[in-house]
Amino acid sequence: MRALKNIDVAFVCMNLPYTMTPEEAADAVKAFHPKVVIPYHYGKSDLSAFQKGIAGTEIEVRLLEWYPKG
């Protein structure tokens, strides 16, 4: 990921045990610094931990409603 340059939008998944923790996802995003990041496949992960991990980087986080409420 560190080799990626000039990324406008990145979709990043986080959901153990198959992908990354929110903290690992935040570190990965900081490695290539997209303009916008959209987390997906996060299940019940703590998205606030992801947001906190990239705070101050000027990366815009867009949260979409991937899961039905209920």
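What this report covers is the structure whose coordinates are included nearby. Small disclaimer: the values here were computed from a predicted structure and weren't measured.

Among the surface-exposed residues, V9, F11, Y40, L64, W66 and Y67 lie close enough to one another that they form a single nonpolar patch of about 560 Å² accessible area. Mapped onto the fold, L64 is located in the segment after β3 (60-61). With relative accessibility at 38%, the residue L64 sits in the partly exposed group.

Moving on: the sheet that holds strand β2 (residues 36-40). Spatial strand order, β1-β2-β3: 3 strands in an open sheet with parallel pairing. At either margin of the open sheet sits one strand with a lone partner, and together these are β1 (9-13) and β3. In this sheet, β3 lies alongside β2 in parallel orientation, the contact comprising 2 bridges. Bridged to V36 within β3 is E60.

Another aspect to go through is the packing of aromatic side chains. Throughout the structure, instances matching the rule amount to 3 aromatic pairs. Ring plane angle 55° and centroid distance 6.3 Å describe the contact between Y40 and W66, whose orientation is recorded as tilted. On the criterion of sequence distance, the pair formed by Y40 in strand β2 and W66 in the segment after β3 is long-range, its members being 26 residues apart. Ring centres of Y42 and Y67 lie 5.2 Å apart, and the angle between their planes is 75°; on these two criteria the pair is classed as edge-to-face. Highlighted residues: Y42 in the loop between β2 and α2 (47-53) and Y67 in the segment after β3, separated in sequence by 25 residues. Of the residues examined, Y42 reaches a relative accessible area of 10% and is grouped as buried. The class for Y67 is partly exposed, based on a relative accessible area of 37%. Grouped by ring-pair contacts, the aromatic residues F11, Y40 and W66 constitute a single cluster.

Parameters at a glance
- Residues numbered from 1 in each chain as written.
- Predicted model: local features only at pLDDT ≥ 70, side-chain atom pairs only at ≥ 80, totals over all residues.
- Heavy atoms only, no water.
- Patch = residues over 30% accessible without salt bridge, like charges linked within 9 Å, V, L, I, M, F, W, Y side chains within 5 Å.
- Areas by Shrake-Rupley, 256 points an atom, 1.4 Å probe, with all protein chains shown as cover.
- Salt bridge = Lys/Arg side-chain N within 4 Å of Asp/Glu carboxyl O.
- Helix = DSSP H or I, 4+ residues; strand = E, 2+ residues; numbered from the N terminus.
- Buried < 20%, exposed > 50% of the residue type's maximum accessible area, 1.4 Å probe, protein only.
- Pairing = 2+ DSSP bridges.
- Phe/Tyr/Trp six-rings, centres within 6.5 Å; stacked < 30°, edge-to-face > 60°.

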